[in-house]
Amino acid sequence: MRNYLVLLYVVSVFDLFYLTPFSLYADIYIQIFSLLGLLSFVLFKLYKKVVVRFVFIAVMTLILTSVLSSNLFLNQDLLSSLIATQHVFKGFSVIYIYYLIEKKKINIDKIIMLLINVMWIYTLFIVFASLTDFSFVFKSPVSGNELLITANKFQKDLLYFGQIYFLAKYLTSKKSINLFFISIIFISTQLYDIQRGDIIFLILTFFITIYLFRRYFSAFRIISLGFVSTFIIGILAFSEISEDIFQKFNQATLVFSDEKIIQDPSIFVRLNEAVFALDGFSNHPFTGNGLIRGSKKTELIGDIYFYPADIGIIGVMYSFGIIGLYMLIKFFRKIYVIDRFKLNFVSLGLYLYLIYSFLYSIKDGQIIFQPARFLLCYLIIYTAIKLNNIKRLD
């Protein structure tokens, strides 16, 4: 039973319920784990564990930086400043997961297997929603605003994890069926709407994987990956979305040209957000300006469209300043020092997902604004190595 309760937590951390009628309950569920994490930190003396101290200090640093900066520089009241950090606060939840793993109260390998099963069910749903143009109206339980939710607004982080998981499985098992699974999942993520960032960062992750584990990539396996890439490109090229792909990437290149010829509204909006963020960063470069509560945004910065996560690392600079950039470097170092050859395919999949998450944070800053998923993957790998639950890959 405990495994399934933790599975629900992991699924929630992957934002599976985001912009659904269950989103509020999922947030509350994670926050309960966060409170349990803080209690475990004190009651079970987890502060003696180096890795747990790192998680606690990292999350607390981000929270304090944001709360103090938004209160001092934007005059946001302390309560609103605290509420604005709710997604960062979720990072404490992984401390409780560490406790459960260390005390062997859960089977994390079983939970990951169950997570992959959930991923396949969700993939089928995404395909269905994309092909049938399925939609529904989501009403925010906080603001009361209504939003039309279509297939392009469903969170696909779990599907990206699935692709990387099967890449790790291919690397360790050498079974080509895993390449087929990667192809199916990737195509499902792009059926309704082309996501430039997803394509770019997945490709980067694949190339980095080939470089890091080049001793395992024979000519045949590289050719196999090339074949799968050709298969995916071929399907996309002969479909109606091929023109969308070309147009989206073409619009992205116009960032370096005259902004008057940019037709993609998402690029134009992000350019304006970046200009605003860089101006704010220049005013308070060390700590940034802090996170802003949604209901206070117009009052504090005016009636403008601005969401720091839209502009990734620039948004991190605006919100957390140099401290935020320092935390990004710290997270990268945590990835760098992992002995990648001391992993089985489950931990290897998590390791590659850490790389993907770090790369994607250039675009959306997710490991800073919502660090729970990154820290969860890191802690699972750490405990697996420390508790000798896995054998060396080589």
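Please refer to the structure placed before this passage.
Residues numbered from 1 in each chain as written. Predicted model: local features only at pLDDT ≥ 70, side-chain atom pairs only at ≥ 80, totals over all residues. Heavy atoms only, no water.

Caption draft 1: Representation of helix α1 (residues 2–13) within the structure. Over its twelve residues, α1 runs 17 Å from end to end, which matches the ideal 16 Å to within 8%, given 1.5 Å per residue. For α1, the elements touching its buried residues are α2 (23–43), α6 (93–102), α7 (108–132) and α18 (372–386). Positive backbone phi, approximately 60°, marks aspartate 15, located one or two places after α1. (Helix = DSSP H or I, 4+ residues; strand = E, 2+ residues; numbered from the N terminus. Expected span 1.5 Å × (residues − 1). Contact = heavy atoms within 4.5 Å.)

Caption draft 2: Structural detail: the nonpolar core. Membership of the largest hydrophobic core comes to 106 residues, with the highest contact counts inside it found for Tyr9, Phe161, Phe331, Tyr351, Leu352 and Ile368. If sequence neighbours within four positions are ignored, phenylalanine 161 has contacts with Phe14, Leu115, Ile116, Gly349, Leu350 and Tyr353. (Core = buried A, V, L, I, M, F, W, Y, C linked by side-chain atoms within 4.5 Å. Buried < 20%, exposed > 50% of the residue type's maximum accessible area, 1.4 Å probe, protein only.)

Caption draft 3: Highlighting the side chain of threonine 65. With respect to the helices and strands, the residue threonine 65 is situated in helix α3 (residues 50–73). Polar contacts involving the side chain of threonine 65 include one to the main-chain carbonyl oxygen of threonine 61, which spans 2.7 Å. Apart from the residues within four sequence positions on either side, threonine 65 is in contact with Thr287, Phe320 and Ile323. (Polar contact = N/O pair within 3.5 Å; in protein donor to acceptor, adjacent residues only side chain to side chain.)

Caption draft 4: Representation of the pattern of salt bridges in the model. Per the stated rule, a full pass over the model turns up seven salt bridges. Across the salt bridge formed by aspartate 27 and lysine 90, the nearest N and O atoms sit 2.7 Å from each other. Here the residue aspartate 27 occupies a position in helix α2, and lysine 90 occupies one in the loop between α5 (86–89) and α6, the gap between them amounting to 63 residues. Among the residues examined, aspartate 27 registers a relative accessible area of 24% and is labelled partly exposed. In this structure, glutamate 102 engages lysine 49 in a salt bridge whose closest nitrogen and oxygen atoms are separated by 3.0 Å. With glutamate 102 in helix α6 and lysine 49 in the loop between α2 and α3, this residue pair connects regions lying 53 residues apart in the sequence. Put simply, Asp15, Asp157 and Arg373 are held in one network by salt bridges that share partners. (Salt bridge = Lys/Arg side-chain N within 4 Å of Asp/Glu carboxyl O.)

Caption draft 5: A look at unusual backbone geometry. Within the chain, aspartate 15 stands out as a residue other than glycine whose phi angle is a positive 60°. Residue position: aspartate 15 is located in the loop between α1 and α2. Given the relative accessible area of 14%, aspartate 15 is considered buried. Positioned with a positive phi, aspartate 133 is a non-glycine residue whose angle comes to about 55°. Tracing the backbone through its elements, the reader meets aspartate 133 in the loop between α7 and β1 (136–139). Taking the relative accessible area as the measure of exposure, aspartate 133 reaches 46% and is therefore partly exposed.

Caption draft 6: Here's a closer look at the environment of lysine 153. As for its placement among the helices and strands, lysine 153 is situated in the loop between β2 (146–149) and α8 (157–173). Given the relative accessible area of 30%, lysine 153 is considered partly exposed. Here the alpha-carbon distance between lysine 153 and serine 135, two residues 18 residues apart in the chain, equals 9.7 Å. What lysine 153 contacts, discounting residues up to four positions off in sequence, is Leu19, Leu147 and Leu148.

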